[in-house]
Amino acid sequence: NKSGDYSMSRTQYGLLGLWAAALVPEVELSDAVWQHFNRWLLDKQLSDGGWNYVVYANRNAGVLRNASTPDMTAAGIASLYVVMDQLH
């Protein structure tokens, strides 16, 4: 998304879909896909170690970041697990 907006929830659904596809022998995903998600997840991790639900960029005078939440932090950790499983 060029605006900088994102939804951690939607991202996790997409990542889980790719993971399911990767389990099909006929589907090959390059390491670049998983490396992209790894960088993205680490970039979106907040300073308290958690993840938030959504970010809206350029609203009013900058970036609005919701505080990290337990459910989205669990999604972030689970997503990193999937990425690491695929890379290693």
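Rules and cut-offs
- Residues numbered from 1 in each chain as written.
- Predicted model: local features only at pLDDT ≥ 70, side-chain atom pairs only at ≥ 80, totals over all residues.
- Heavy atoms only, no water.
- Helix = DSSP H or I, 4+ residues; strand = E, 2+ residues; numbered from the N terminus.
- Buried < 20%, exposed > 50% of the residue type's maximum accessible area, 1.4 Å probe, protein only.
- Contact = heavy atoms within 4.5 Å.
- Areas by Shrake-Rupley, 256 points an atom, 1.4 Å probe, with all protein chains shown as cover.
- Polar contact = N/O pair within 3.5 Å; in protein donor to acceptor, adjacent residues only side chain to side chain.

Student: Can you help me understand the overall build of the protein chain in this one?
Tutor: On a plain count of helices and strands, the protein chain comes out with 3 helices and 3 strands. Here the protein chain holds 88 residues, and the buried ones make up 32% of them. Within the protein chain, residue pairs in contact and separated by at least 24 positions form 59% of the contacts whose partners lie at least 6 positions apart. Summed over all atoms, the accessible surface of the protein chain reaches about 5700 Å², with 55% contributed by carbon and sulfur.

Student: Help me understand the side chain of lysine 44 in this model?
Tutor: Mapping lysine 44 onto the fold places it in helix α2 (residues 31-44). Of the polar contacts made by the side chain of lysine 44, one reaches the side chain of aspartate 43; its length is 3.3 Å.

Student: What's the story with the environment of leucine 80 in this structure? I'm lost.
Tutor: For leucine 80, the position within the fold is in helix α3 (residues 70-87). Between the C-alpha atom of leucine 80 and that of glutamine 12, which follows or precedes it by 68 residues, the distance is 10.0 Å.

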